[in-house]
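Structural overview for review
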Amino acid sequence: MERSTDVGLNRTGVDMSPIDTKEMLALSRATPASSGGDETSMAAVRREYNAEAEDLGSIPPPGTLKGVASTAMQKLTGKNPEAFIDKLGCRLAFERTGVRLYDALIAKCSTAPGADIQVPLDTLWTFRNQELQHFKLVEAAIRSIGADPTAQTPSADVDGVASMGLIQVLTDPRTSVAQCLEAILIAELADNDAWQMLILLAEKMGMNDMARDFRVALNEEDNHLMHVRQWYKQLVLEDASLAS
Ligand SMILES: [Fe+2]
Ligand SMILES: [Fe+2]
């Protein structure tokens, strides 16, 4: 399989041209910054923006009668279903992204010579389809409490922004399988923790059936994580000619 690390014409480091480095340093000394200040000025601007900013978003009111009743009931018992709906919306968005990440990884492994020996395509398809099932599971859970699965919750928004880099790594034609697995590993680590959080919330909300279904998903996520970790480790060791 192709290596992720090859020696080539990388000119990003200063050691490539000591003469130019000296000139560059001399120029930076000869042309100091046009205005004073340090990172404290930036922090002050950020504080100003933070103080004035509105929230990232909100949880929409339940759209169905069942939801109104359900939400009201939860509130009466002193719980806050909005926080739960926020995290359900977040899981929904992330599982959907998970499908797209695996789609991209499958495309990558289908074309990289020899990749399917270390990273079996049928296993990737299984994981991809499980992410889709998890998406559907969360969608049903959101509907069951009368909330709207098509609404983007604040946490879903945050996760979407945080995942953008992972999608970029997976869909960049130049990235290697090992580099893509590193991105998938980040996603699976976050995924695993987030399911645990969701199960905890569901239990505390008294949604025991939901928590039970979520535990089945977590078991599958455990399996994803174990495999991705192993594949990634193997490819990095091979790249370093250290594989046994
Ligand atoms: Fe997932
Ligand atoms: Fe997963």
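For clarity, every value in this text was computed on a predicted model and none was experimentally measured.

We now examine the overall build of the protein. In terms of regular secondary structure, the protein is built from nine helices and zero strands. Relative to the globule expectation of 18 Å for 244 residues, the C-alpha radius of gyration of the protein, 24 Å, shows a markedly less compact shape. With the C-alpha coordinates aligned to their principal axes, the bounding extent of the protein is approximately 75 × 55 × 25 Å. The proportion of buried residues among the 244 residues of the protein is 35%. Summing over all exposed atoms, the protein offers an accessible surface of approximately 15100 Å²; the carbon and sulfur share of this is 57%. Side-chain charges of the protein comprise 23 positive and 35 negative groups, with the mean position of each set lying 2 Å from the other.

On to the environment of Lys233, then. Along the chain, Lys233 falls in helix H9 (residues 208-239). Looking at Lys233, the relative accessible area reads 47%, which means it is partly exposed.

It is worth spelling out the side chain of Asp159 at this point. Topologically, Asp159 is positioned in helix H7 (residues 154-171). The buried charged residue Asp159 lacks any salt bridge, with Arg91 as its nearest oppositely charged partner at 4.6 Å. Setting aside chain neighbours within four positions, we find Asp159 in contact with Cys90 and Phe94.

Here we come to the packing of aromatic side chains. What the rule picks out here adds up to three aromatic pairs. Seen from their ring centres, Trp195 and Phe214 are 5.4 Å apart, and the 65° between their planes marks the pair as edge-to-face. Placement of the pair is Trp195 in helix H8 (residues 177-204) and Phe214 in helix H9, with a sequence separation of 19 residues. Here Trp195 matches Phe214 in class, with each residue buried.

For the iron ion (ligand 2), the full set of protein donor atoms is Glu131 (OE), Glu188 (OE), Glu188 (OE), Glu221 (OE) and His224 (ND1), at a range of 2.0 to 2.4 Å. In primary-sequence terms, the residues that donate to the iron ion (ligand 2) follow E-x56-E-x32-E-x2-H. In this structure, the iron ion (ligand 2) lies 3.4 Å from the iron ion (ligand 1), and both are coordinated by Glu131. With a gap of three residues between them, Glu221 and His224 both fall in helix H9, about one helical turn apart. For the pair shown, Glu221 and His224 are each scored as buried.

Definitions and cut-offs
Each chain carries its own residue numbering, running from 1 in the written order of its sequence. Each chain gets a letter, beginning with A, and each ligand a number, beginning with 1, in the order they are written. This being a predicted model, a pLDDT of at least 70 is required before a residue's local features are given, and a value of 80 or more before pairs of side-chain atoms are given or counted; all residues contribute to the totals for chains, interfaces and linings. Derived side-chain values reflect all non-hydrogen atoms in the structure, with water molecules and hydrogen atoms excluded from consideration. Only DSSP runs of H or I with at least four residues qualify as helices, and only runs of E with at least two residues qualify as strands; both kinds are numbered from the N terminus onward. A radius of gyration in this sense is built from C-alpha atoms; the matching globule rule multiplies 2.2 Å by the number of residues raised to 0.38. Accessibility here uses a 1.4 Å probe with only protein chains present; expressed as a share of the type maximum, an area under 20% marks a residue as buried, one over 50% as exposed, and anything in between as partly exposed. Accessible surface area values rest on a Shrake-Rupley calculation with a 1.4 Å probe, where residue burial reflects the displayed protein chains alone. Neither His nor the chain ends contribute to the count of charged residues, in which Lys and Arg are positive and Asp and Glu negative. The atoms used to mark charge sites are NZ of Lys, CZ of Arg, CG of Asp and CD of Glu. Salt bridges are defined by distance alone: a side-chain nitrogen of Lys or Arg within 4 Å of a carboxyl oxygen of Asp or Glu. The contact criterion used throughout is that any non-hydrogen atoms of two residues lie within 4.5 Å. Pairing of aromatic side chains requires ring centres within 6.5 Å, counting the rings of Phe and Tyr and the six-membered ring of Trp. Pairs whose planes differ by under 30 degrees are stacked, by over 60 edge-to-face, and all others tilted. Donors, by definition, are the N, O and S atoms found within 2.8 Å of a metal, the threshold being 3.2 Å for Na, K and Ca, and water is not counted, so a site can look incomplete.

Scope: geometric values only; no functional claims are made or implied.
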